[in-house]
Amino acid sequence: MEISSPQFKHNIDEALADPNLQRALGNVDVGFVPNRRKAVDALPEFEALREEGVAIKNHVLAHLDLYLEAYEAKVTAAGGKVHYAEDAAAARDIILDICRKAEASTVTKGKSMVSEEIGLNEHLAANGIEPVETDLGEYLIQIRGEHPSHIIAPAIHLNRDEIEADFRRLHTHLPADRSLEEPSAILAEARGILRQRFLDADVGLTGANFLVAETGTSIIVTNEGNGDLTQILPRVHVVIASIEKIVPTLEDVSQILRLLARSATGQQMTVYTTLSTGPRRPGDPDGPEEYHVVLLDNGRSAMLGSEFQDMLRCIRCGACINHCPIYRAIGGHAYGWVYPGPMGSVLTPALAGLEDGRHLPNASTFCGRCEAVCPMKIPLPKMLRHWREREFERHLQPATQRSALKLWAFFARRPLLYQALTRMAAGVLGTLGRGRGRFSRLPLAGGWTRFRDLPAPERGRTFTDQWRAGRRA
Amino acid sequence: MTTPSDARTAVLARIRASIGVTGKEPLRRAAVADRLAGRPRGVIPETARVEGAARLAAFAEKVVTTMASFEAVATAAEVPMAVAAYLAGRNLPAEIRHGADPRLASLPWSGTMLAVSTGRSDGRDPVGVSHAEAGIAETGSVVLVSGPDNPTTLNFLPETHVVVVDAADIVGGLEDAMARIRARFGAGVMPRTVNFVTGPSRSADIEQKLLYGAHGPKRLHVIMVGVGDGGG
């Protein structure tokens with residue numbers, strides 16, 4: 001997927017000015033956030049499960065090479081085939097090769113963020129193979145030529161009337177006077193159209209929420225059933241998954257399953273938790289005849305042993321995204337790549353490079369809500385700060401910004417000088433502002449005063465002065 | 001272009017370099033082997049540790065909260081009439097399809113007016129009937145296993161899915177269900193597909209409003225047979 005993260009600031013302005021998007025984002029406050037709260041409050045063992053989940057994932061990451069080998073052996077024993085892909089291009093080629101050998105003309109797809117990451121759809125289409133997104137949200141954005149704006153709810157940025165307009169524009173074989181006022185009518189129409197695509201597909205591609213080393217099993221959790229129809233109907237089932245999805249045993253996956261749906265949508269379990277192992281067995285009346293697993297590295301191995309290793313514990317629940325005030329203000333597309341919100345701000349520089357991704361970690365107040373709700377206790381604010389440090393070290397910021405930071409650092413390292421300067425500034429501002437008590441416009445502070453007033457400080461008194469005088473509790 | 005084994009070597013080598021190991025260290029290998037063989041259970045919530053009659057009641061209650069419907073019958077012989085009544089009560093077609101599972105095939109279907117066919121689904125069957133491997137009280141899920149007995153297509157293509165589960169097969173929690181599957185198929189061995197089904201298909205992709213029957217069944221009906229001892 002092409003990356004527009006370098007244009008983050010421009011994307012933000014567009015997002016803030018988009019009334020449709022702003023209206024749609026209101027749904028996050030009334031949906032994901034309270035639903036997660038209810039589900040977590042209803043499970044007394046949630047905190048203990050978080051600890052267990054962190055321990056399991058840390059253990060896997062410390063032994064990832066060995067667990068991958070064990071996993072691969074089990075997949076092979078069950079009649080499946082494992083392919084390793086070092087990067088996105090390799091993964092695309094492997095999948096294209098499988099599709100060509102299967103003489104595929106259409107490929108149905110379950111929702112897979114990794115398939116977005118590697119730019120699979122464009123690659124297949126360019127080679128004469130039609131990818132068909134079957135997750136309802138993914139279908140809605142595929143017909144608009146858009147990318148997902150959230151890792152769990154890819155079409156969260158759309159309103160009902162936009163969807164109706166798309167369906168009328170595209171599904172021209174249906175009567176023009178039909179009503180699509182009710183969301184249920186829209187769903188029924190999508191169900192009917194995609195049902196035939198499921199039945200006709202030659203290859204079905206899914207992601208994996210987990211890969212179980214004990215049994216060589218790939219697991220997907222869905223609510224719609226599209227991931228299941230994608231993998232049981234075609235002749236070939238391809239799983240694309242990144243290497244850190246490995247979990248040792250079925251017991252371990254049970255532990256983490258309890259965290260996943262609750263953190264994502266507030267459900268105890270998603271409707272379908274499906275464990276797939278190999279192709280159909282002799283005597284099976286249905287199921288795919290071939291089963292392939294493409295294991296993607298694409299930068300994860302480099303995160304191991306680095307200060308970003310903890311990010312590999314991520315189970316892609318989206319809770320951090322739902323609770324982030326920045327995401328809530330701008331939506332997912334503004335981030336410019338596959339992964340939005342706090343997790344995307346850590347992953348984009350890691351996987352797509354700091355040069356392209358460096359703006360994202362800077363759009364954070366470090367409020368810490370993301371870390372508080374992360375089921376895997378990933379220290380997201382700390383990692384955002386690490387990226388800012390790396391950005392500075394690598395001289396990626398414009399020279400004026402670096403100079404300004406260096407100037408501030410000069411004073412910050414000399415507290416007495418810092419306080420003398422701020423006392424002087426407080427004196428000047430206090431005098432200038434003594435009439436109204438606030439500034440609605442201030443030179444050099446336009447970024448602040450454009451949207452809010454700056455209160456006039458107490459004349460000549462810094463915060464520490466007032467603290468010492470006992471004025472601030 | 002790298003050969004497949006080159007790619008494999010490269011990825012594993014990069015992982016090992018990042019962690020700072022060769023892969024041959026005996027302690028690490030033992031740690032992995034131990035966990036895979038020992039399969040330690042972690043935190044088991046209280047809702048997964050209910051026993052006896054309370055477990056069956058919890059299962060019944062949970063199934064209903066997932067927007068599936070539930071009924072209990074005393075004997076397997078009552079299942080066909082229960083299915084017929086369920087379909088008639090909702091004005092649904094009186095025709096069903098099930099797999100080769102003897103627990104379904106041996107039932108007195110001829111005592112009803114239902115048209116019964118057997119085999120996998122090709123998408124034209126209005127009602128699929130499956131027999132579950134187990135039910136899970138913690139979540140209200142039913143566990144379905146692929147194969148000629150209960151073809152997986154019956155779980156997803158028909159608009160209505162009826163699942164029969166024995167009370168004796170209602171387990172406490174997720175780990176218990178995993179242990180059941182392991183006991184049936186052997187350690188490290190799985191069937192092609194295991195579905196944990198918790199309610200009917202749904203989507204909230206349109207303005208976050210919950211709708212049923214996205215791609216899978218619009219309705220799920222669970223029939224629990226017998227009053228088991230609830231053990232295991």
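Here the structure is a predicted model, which means the values were calculated and not measured.

Enquirer: So what's going on with the overall build of chain B? Residues and values would help.
Expert: Secondary structure assignment for chain B yields seven helices and 12 strands. With respect to the three principal axes, the spread of C-alpha positions in chain B is 70 × 45 × 40 Å. When burial is assessed residue by residue, chain B has 49% of its 232 residues classed as buried. When contacts within chain B are restricted to residue pairs at least 6 apart in sequence, those whose partners lie at least 24 apart make up 74%.

Enquirer: I'd like a description of the overall build of chain A, backed by residues and values.
Expert: For chain A, the helix and strand inventory stands at 24 helices and 12 strands. By the compact-globule yardstick of 23 Å for 473 residues, chain A fits well, its C-alpha radius of gyration being 25 Å. For chain A, the C-alpha atoms occupy an extent of roughly 85 × 60 × 45 Å along the three principal directions. The buried share among the 473 residues of chain A stands at 51%.

Enquirer: Break down the sheet that holds strand β6 (residues 217–222) of chain A for me, with residues and values.
Expert: An order of β8(A)-β5(A)-β6(A)-β9(A)-β9(B)-β6(B)-β5(B)-β8(B) is seen for the eight strands of this open sheet, with the pairing classed as mixed. Each edge of the sheet is formed by a strand with only one pairing partner; in this case those strands are β8 (246–247) of chain A together with β8 (170–171) of chain B. In this sheet, β8 of chain B lies alongside strand β5 (residues 134–136) of chain B in parallel orientation, the contact comprising two bridges. Bridge pairing in β8 of chain B links isoleucine 136 of chain B to valine 171 of chain B.

Enquirer: Break down the domain arrangement of chain A for me, citing the residues and quoting the values.
Expert: The domain architecture assigned to chain A consists of domain 1 (31–298), domain 2 (302–397) and domain 3 (401–468). Centre-to-centre, using C-alpha coordinates, domain 2 of chain A lies 30 Å away from domain 3 of chain A.

Enquirer: An account of the interface of chain A and chain B is requested, with residue identities and associated values reported.
Expert: With 80 residues of chain A in contact, the opposing surface of chain B contributes 64 residues. In terms of residue count, the dominant contributor to the side of chain A that touches chain B is helix α11 (residues 183–200) of chain A (eight residues). The residue makeup of the side of chain A that touches chain B, split by class, is 37 nonpolar, 26 polar and 17 charged. Strand direction decides the pairing type here: strand β9 (residues 272–276) of chain A and strand β9 (residues 193–197) of chain B, joined by five bridges, are antiparallel. What sits directly across from tyrosine 272 of chain A, in β9 of chain B, is valine 197 of chain B.

Enquirer: I'd love a proper account of the environment of threonine 9 of chain B, names of residues and values included.
Expert: Residue and element names in this part refer to chain B. Mapped onto the elements of the fold, threonine 9 is located in helix α1 (residues 4–19). Look at threonine 9 and you get partly exposed, because 13 C-beta atoms sit within 10 Å. Taking the C-alpha atoms as reference, threonine 9 lies 49 Å from histidine 221; in sequence the two are 212 residues apart.

Enquirer: I'd love a proper account of the sheet that holds strand β3 (residues 115–118) of chain B, names of residues and values included.
Expert: Residue and element names in this part refer to chain B. Reading across from one edge, β1-β12-β7-β4-β2-β3 is the order of the six strands in this open sheet, with parallel pairing throughout. Looking at which strands have only one partner, the edges of the open sheet turn out to be β1 (69–73) and β3. Looking at each pair of strands side by side, their axes are set apart by 25° on average, direction ignored. Against the sheet, helix α3 (residues 52–65) engages β1 and β12 (219–225), with an angle of about 150° to β1. Here helix α4 (residues 79–89) sits on the sheet and contacts β1, β2 (95–98), β4 (127–131), β7 (160–166) and β12; the angle it forms with β12, its principal contact strand, is near 155°.

Enquirer: How would you sum up helix α17 (residues 341–352) of chain A? Please name residues and give values.
Expert: Residues and elements named next belong to chain A. For α17, spanning 12 residues, the distance from its first C-alpha to its last is 15 Å, which sits close to the expected 16 Å at 1.5 Å a residue. Every buried residue belonging to α17 is among Gly341, Pro342, Met343, Gly344, Ser345, Val346, Leu347, Thr348, Pro349, Ala350, Leu351 and Ala352, and all of these are buried. Against the buried residues of α17 lie α14 (300–303), α15 (319–323), α16 (325–330), α18 (354–357), α19 (369–373) and α20 (380–393). Backbone geometry just after α17 places glycine 353 at a positive phi near 100°.

Enquirer: Now, about the domain arrangement of chain B: what can you tell me, with residues and values included?
Expert: The domain boundaries assigned to chain B delineate domain 1 (4–38) and domain 2 (46–225). Here domain 1 of chain B and domain 2 of chain B have C-alpha centroids that lie 41 Å from each other.

Enquirer: Explain the environment of threonine 152 of chain B to me, using residue names and the numbers behind them.
Expert: Topologically, threonine 152 of chain B is positioned in the loop between β6 (141–145) and α6 (153–156). Counting along the chain gives 32 residues from threonine 152 of chain B to arginine 120 of chain B, while the straight-line C-alpha distance between them is 7.5 Å. If near-sequence neighbours (up to four positions away) are discounted, threonine 152 of chain B is found in contact with Ile232, Asp286 and Gly287 of chain A together with Ser146, Thr193 and Asn195 of chain B.

Enquirer: Residues and numbers for the packing of helix α5 (residues 64–77) of chain A against α1 of chain B, please.
Expert: Where α5 of chain A contacts α1 of chain B, the axes come no closer than 9 Å and their chain directions differ by 150°. On the basis of their axis angle, the class for α5 of chain A and α1 of chain B is roughly antiparallel. Contacts between α5 of chain A and α1 of chain B pair Leu64, Asp65 and Leu68 of chain A from the former with Leu12, Ile15 and Arg16 of chain B from the latter. Per-class residue counts for the contact of α5 of chain A with α1 of chain B are four nonpolar, no polar and two charged.

Enquirer: So what's going on with unusual backbone geometry? Residues and values would help.
Expert: Residue and element names in this part refer to chain A. At asparagine 298, a position not held by glycine, the phi torsion is positive, near 50°. Relative to the elements of secondary structure, asparagine 298 occurs in the loop between β10 (290–296) and α14. The buried category is assigned to asparagine 298, around which 21 C-beta atoms lie within 10 Å. The backbone of phenylalanine 366 shows a phi angle near 55°, a positive value even though the residue is not glycine. Judged by the 11 C-beta atoms lying within 10 Å of it, phenylalanine 366 is exposed.

Enquirer: Residues and numbers for α11 of chain A, please.
Expert: In this model, α11 of chain A (18 residues) spans 26 Å end to end at C-alpha, consistent with the 26 Å of a helix rising 1.5 Å per residue. Inspection of α11 of chain A places Ile186, Leu187, Ala190, Arg191, Leu194 and Phe198 of chain A among the buried residues, and these make up the whole buried set. Summarising the contacts, the buried residues of α11 of chain A are in contact with β2 (106–109), α9 (136–142), α10 (160–170) and α12 (226–232) of chain A together with β10 (202–203) and β11 (211–212) of chain B.

Enquirer: Tell me about the pairing of β9 of chain B, residues and numbers included.
Expert: Residues and elements named next belong to chain B. Across the five residues that make up β9, a large majority, five, are buried. Neither face of β9 is exposed, since Thr193, Asn195 and Val197 on one face and Val194 and Phe196 on the opposite face are all buried. Alignment of β6 against β9, held across four bridges, turns out to be antiparallel. Across the sheet, the residue bridging to valine 142 is valine 197, located in β9.

Enquirer: Residue-level account of the packing of α5 of chain A against helix α2 (residues 26–38) of chain B, with values.
Expert: Packing of α5 of chain A against α2 of chain B leaves a shortest axis separation of 10 Å and a crossing angle of 50°. One finds that α5 of chain A runs oblique with respect to α2 of chain B. Crossing angle aside, the handedness with which α5 of chain A passes α2 of chain B is right-handed. Here Leu66, Tyr67 and Ala70 of chain A of α5 of chain A lie close against α2 of chain B, whose contacting residues are Arg28, Arg29, Val32 and Leu36 of chain B. Looking at the contact of α5 of chain A with α2 of chain B, its residues break down into five nonpolar, no polar and two charged.

Enquirer: Explain the environment of isoleucine 315 of chain A to me, and be specific about the residues and the numbers.
Expert: Residues and elements named next belong to chain A. Within the secondary structure layout, isoleucine 315 lies in the loop between α14 and α15. Note: C-alpha distance between isoleucine 315 and leucine 380 (65 residues apart in sequence) is 14 Å. Beyond its immediate chain neighbours, meaning those up to four positions away, isoleucine 315 contacts Ile256, Leu260, Pro375 and Met376.

Enquirer: I'd love a proper account of the confidence of the model for chain B, names of residues and values included.
Expert: Caution applies to low-pLDDT regions: their predicted coordinates should not be interpreted in detail. Averaged over all residues, the pLDDT of chain B equals 95, while 97% of them reach at least 70. On the interface metric, ipTM, the complex scores 0.96, and its pTM is 0.93.

Rules behind the numbers
Residues numbered from 1 in each chain as written. Chains lettered and ligands numbered in written order. Predicted model: local features only at pLDDT ≥ 70, side-chain atom pairs only at ≥ 80, totals over all residues. Helix = DSSP H or I, 4+ residues; strand = E, 2+ residues; numbered from the N terminus. Buried ≥ 20, exposed ≤ 12 C-beta atoms within 10 Å, placed from the backbone. Contact = placed C-beta atoms within 7 Å. Rg over C-alpha atoms; globule rule 2.2 N^0.38 Å. Pairing = 2+ DSSP bridges. Domains from an automatic or database assignment. Nonpolar A, V, L, I, M, F, W, Y, C, P; charged D, E, K, R; others polar. Axes fitted to C-alpha atoms, helices over the stretch in contact; angles between N-to-C directions. Expected span 1.5 Å × (residues − 1). Parallel < 35°, antiparallel > 145°, perpendicular 65-115°, else oblique. Left-handed = near helix turned anticlockwise from the far one by under 90°. pLDDT = per-residue confidence, 0-100.

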